[in-house]
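Residue-level listing of the chains:
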Amino acid sequence: MPVTEFFSGAFTPDENGVLHCGTAAPPAHHYSDGDETETRLLTAVRNAKDRSLFSSELRGAVTDWPSLYHLSPSRANLLRPFAGFLATRTILEPGAGCGAISRFLGEITAGQGGKVVSVESSSRRAAIARARTEEFPQMDVIAGDLLQLEPIQKFDAVVLVGVLEYARLFGAQEADPVAAFLAYLRRFLKPDGVLFLAIENQTGLKYLAGEKEDHLGIPWFGINDLYTARTAVTFGRAELTQALTQAGLGITEPWMPFPDYKLPALVLPPRAAGQSGFLAGHLIAETGECERRPSFSPQKAWPVMARNGLLQDVTNSFLMLASGSALPADIADPSVLAWHYATGRAQPYVKETRFLTQEDDILVERHPLAPASASSATRSDSPFAWTCEAGREVYHAQPCWWFRLLDILSREGWTLDTLEEWADIWLRAWLNRADADHLTADMKVTGDLVDATPFNLIVPQDGSTPLFFDLEWQAEAPVEAMFIIVRGLRESIRKITLPAPPADRTLSTPDRIILRLLERFDLKLTQADLDRYSEQEAAFQVMVNDGPYPLNTAERVRFNDFPLRWYEPLSDGASIEARTQLELRIVEMQRLVQERDQALSAALSDSDAQRQRADHLEQENRIIRDSTIWRAGSGLRRIARRCPRAAEILKRIIRRARPR
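Residues numbered from 1 in each chain as written. Predicted model: local features only at pLDDT ≥ 70, side-chain atom pairs only at ≥ 80, totals over all residues. Heavy atoms only, no water.

Looking only at helices and strands, the protein has 24 helices and 20 strands in total. A burial count over the protein gives 50% of its 660 residues as buried. Contacts in the protein between residues far apart in sequence, at least 24 positions, make up 71% of those at least 6 positions apart. Total accessible area computed for the protein in this model is approximately 30400 Å², and 52% of it derives from carbon and sulfur atoms. (Helix = DSSP H or I, 4+ residues; strand = E, 2+ residues; numbered from the N terminus. Buried < 20%, exposed > 50% of the residue type's maximum accessible area, 1.4 Å probe, protein only. Contact = heavy atoms within 4.5 Å. Areas by Shrake-Rupley, 256 points an atom, 1.4 Å probe, with all protein chains shown as cover.)

The structure is reproduced here in structure tokens:
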């Protein structure tokens, strides 16, 4: 066990394999998601045969935000760009929580020479983290207070994810708990060691747009600097850099995870912000959106922030790299401008996309993240297949065609005329790829067009031929053309966080817009058509996610026929009331979907229990039928059927013969 190499004192393992320091008092503080939630997480991890990052069993245990946060493989995306560096290093992970990052550290250091010590103040959370990592002999999990541990050997890296913001709570006796905690962490690092610090940005764009402060749940709480000595606290870039410098970690790099560090899909190094010919702001805009109704459109604002060199100041959160000396040259690939991950899928379909410089070009490199055996797997019962292959292609420094729709729907008073012009360019490019002259309602096309959506289309400004890219999905058999068209339009409209109101207020839902837009192309659809396309989309999502689609057909139709959240200034009481009613409807729909997910999870659990009960009863029946008494009684039962009187006499004789 590596822990004895790094800390003084005697450590004793408990029944879960978690280490406790004999001289350290139990911590008086720790964070919890509640007894029921954490007990459920511990049970799910212990019962899982596969506890890897991409385990389908653990994906199936995700039913709410806490389980998503602790079990999602997307947590590890934060550190994937540094996997090669960390694999051979000694790593300290304070505040390990339930082991999402610990699992990643265990997987990358296994057999590579690296060692990991994870410290968690909650014994129950430490037990969950140990259960997720128990097959890794190069790892230890300590239940205890880091502030009471004394290092005898220092680490190459300290990974501090979502911990520093609570320094005021566990260091209240200090005049400046944040500075004191950073200075204490410095004691665990080698002179050239690296601190990987993940924390929210007090001046993040999502907070400026009105998103709730992550810890207090109040909009503009951090922006208005309402933190106190008894609350969590976050910092802007300059303030955080200053605090690290004062702690002796003056060499810093502010990396940018999006939508934030918790479940990142995109990780940008500092150099991405100023790279000529690279549209970092547009890449961010496609990555995520505010959970609440924002006061302005972050999707429109991110490119503006990028053009003005503000990305590092308004990133939603930081992954700050800090050291007392120069950062190692091999900490990450210096040619890569961005790492993009698709990990919220079933294991066979997870992938990594890198944007990298090579001489004077920017290239896009994609490859599967799962093992080759898993990536090549295709569900035999699905009409769809994944076609992602490792390879490179030239990066096009131009926004995808969806951004043109974003611009149209962001301008108050938009009309079907402007939408028709936008859709016409996409449909012409789509027909050209399908080698067809025009669309018809009953048309079928080859399966390689399933992914030919506006998100995967580049329309060159010089008038040259539009081109599709990254078509990773296809169907095994011909597909209804209108399914693909409706699918592309639905997702394009739904992706827009804050559309402006149209001139015609009856264009209030995605499906209403789509039906009237397609009429202009002489394509008339019915509700039955939309239902059928919803069923096909559900089948597609079941394959991608390897589990039940969260919306059945009826709910899917409701989802696409639900009013858009238009942006309108609140100029009078009537508009305030209208927005309030809309928000209430949105909350109600979210509640219904959540209740359905919980009911589905309970039904699946009940069905498993019923199957187990039936198997148990069947086993008991077999034992009874195979018993001597049952075989002996079979003759008596035959006599009873043929001669009831004789059977009754035999029963009396047997009863009299029983010992008393």
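On to the confidence of the model for the protein, then. Summarising the model, the protein shows a mean pLDDT of 85, and 80% of its residues fall at 70 or more. Highest mean pLDDT in the protein belongs to strand β9 (residues 266-268) (98); lowest belongs to helix α15 (residues 372-375) (51). (pLDDT = per-residue confidence, 0-100.)

Each aromatic ring pair is characterised by the separation of its centres together with the angle its planes make. Per the stated rule, a full pass over the model turns up 21 aromatic pairs. A centroid spacing of 5.6 Å and a plane angle of 50° characterise the contact between F278 and Y395, whose relative ring orientation is tilted. Within this pair, whereas F278 is found in the loop between β9 and α12 (280-285), its partner Y395 is found in the loop between β15 (391-394) and α16 (402-409), the two being separated by 117 residues in sequence. A relative accessible area of 16% means that Y395 is categorised as buried. Three or more aromatic residues joined by ring pairs form one cluster here, namely F6, F7, F11, F155, Y184 and F188. Across the ring face of Y69, the terminal group of R75 is positioned such that the distance to the ring centre comes to 3.9 Å. (Phe/Tyr/Trp six-rings, centres within 6.5 Å; stacked < 30°, edge-to-face > 60°. Lys NZ or Arg CZ within 6 Å of the ring centre and 35° of its normal.)

Right, let's get into unusual backbone geometry. Residue P259 is reached from F258 by a cis peptide bond, and omega for that bond is 0°. In the Ramachandran plot, D522 falls in the positive-phi region, its phi being about 60° despite a non-glycine side chain. Examined against the element boundaries, D522 turns out to sit in the loop between α19 (510-519) and α20 (527-545). Classification of D522 as exposed rests on a relative accessible area of 72%.

Among all positions of α19, only P510, D511, I513, I514, L517 and L518 are buried. Taken around the axis of α19, the buried residues stretch over an arc of 155°, which confines them to a single face. (Arc of directions from axis to C-beta.)

Another aspect to go through is the side chain of Q398. Counting through the fold element by element, Q398 comes out in the loop between β15 and α16. Exposure remark for Q398: the relative accessible area of 19% places this residue in the buried category. Residues in contact with Q398, not counting those within four places in the same chain, are L279, I458, V459, P460 and Q461.

Position of L205 among the secondary structure elements: in helix α10 (residues 205-208). Taking relative accessible area as the criterion, L205 reaches 3% and is therefore assigned buried. Separated by 106 residues in sequence, L205 and L311 place their C-alpha atoms 9.2 Å apart. Those residues in contact with L205 that sit more than four places away from it in its chain are F296, P298, A301, W302, M305, V314 and N316.

So, about the pairing of strand β4 (residues 115-120). Of all six residues making up β4, five are buried, and the element is well covered by its neighbours. As judged from the five bridges shared by strand β3 (residues 90-94) and β4, these two strands associate in the parallel manner. Paired with P94 across the two strands is V119, which belongs to β4. Pairing between β4 and strand β5 (residues 139-143): five bridges, direction parallel. Within the sheet, the bridge partner assigned to V116 lies in β5 and is M139. (Pairing = 2+ DSSP bridges.)

Here helix α18 (residues 481-494) contains 14 residues, and its C-alpha end-to-end distance of 20 Å stays within 8% of the 20 Å for a straight helix at 1.5 Å per residue. Inspection of α18 places A481, M482, F483, I484, I485, V486, R487, G488, L489, R490, S492 and I493 among the buried residues, and these make up the whole buried set. (Expected span 1.5 Å × (residues − 1).)

Here we come to the nonpolar core. The biggest cluster of nonpolar side chains holds 83 residues, and the ones touching the most others in it are F278 and W430. Ranked by the residues each element gives to this core, the list is headed by helix α17 (residues 416-434), at nine residues. Those residues in contact with F278 that sit more than four places away from it in its chain are A272, L283, L337, A338, F355, I362 and Y395. V158, L160, L182 and L249 belong to the second largest nonpolar core, which has 41 residues in total. (Core = buried A, V, L, I, M, F, W, Y, C linked by side-chain atoms within 4.5 Å.)

Before going further, it helps to examine the environment of S464. Assignment of secondary structure puts S464 in the loop between β17 (457-458) and β18 (467-468). For S464, a relative accessible area of 34% translates into the label partly exposed. Engagement of the side chain of S464 in a polar contact is seen with the side chain of D462, the distance being 2.6 Å. (Polar contact = N/O pair within 3.5 Å; in protein donor to acceptor, adjacent residues only side chain to side chain.)

Now for the pattern of salt bridges. Considering all chains together, one arrives at 36 salt bridges under this definition. Residue D417 pairs with R520 through a salt bridge whose shortest N-O separation is 2.5 Å. One end of the pair, D417, is in helix α17; the other, R520, is in the loop between α19 and α20, and 103 residues separate them in sequence. The exposure class of D417 is partly exposed, given its relative accessible area of 44%. In this structure, a network of salt bridges that share partners links the residues R345, K351, R366, E393, D470 and E472. (Salt bridge = Lys/Arg side-chain N within 4 Å of Asp/Glu carboxyl O.)

Close contact between α17 and α18 brings their axes to 12 Å; oriented N to C, the two are set at 140°. Overall, the two elements α17 and α18 adopt an arrangement that is oblique. At the point where α17 passes α18, the crossing takes the right-handed sense. Taking contact as the criterion, the partners of W422, W426, L427 and W430 in α17 are, on α18, A481, I484, I485, G488, L489 and S492. (Axes fitted to C-alpha atoms, helices over the stretch in contact; angles between N-to-C directions. Parallel < 35°, antiparallel > 145°, perpendicular 65-115°, else oblique. Left-handed = near helix turned anticlockwise from the far one by under 90°.)

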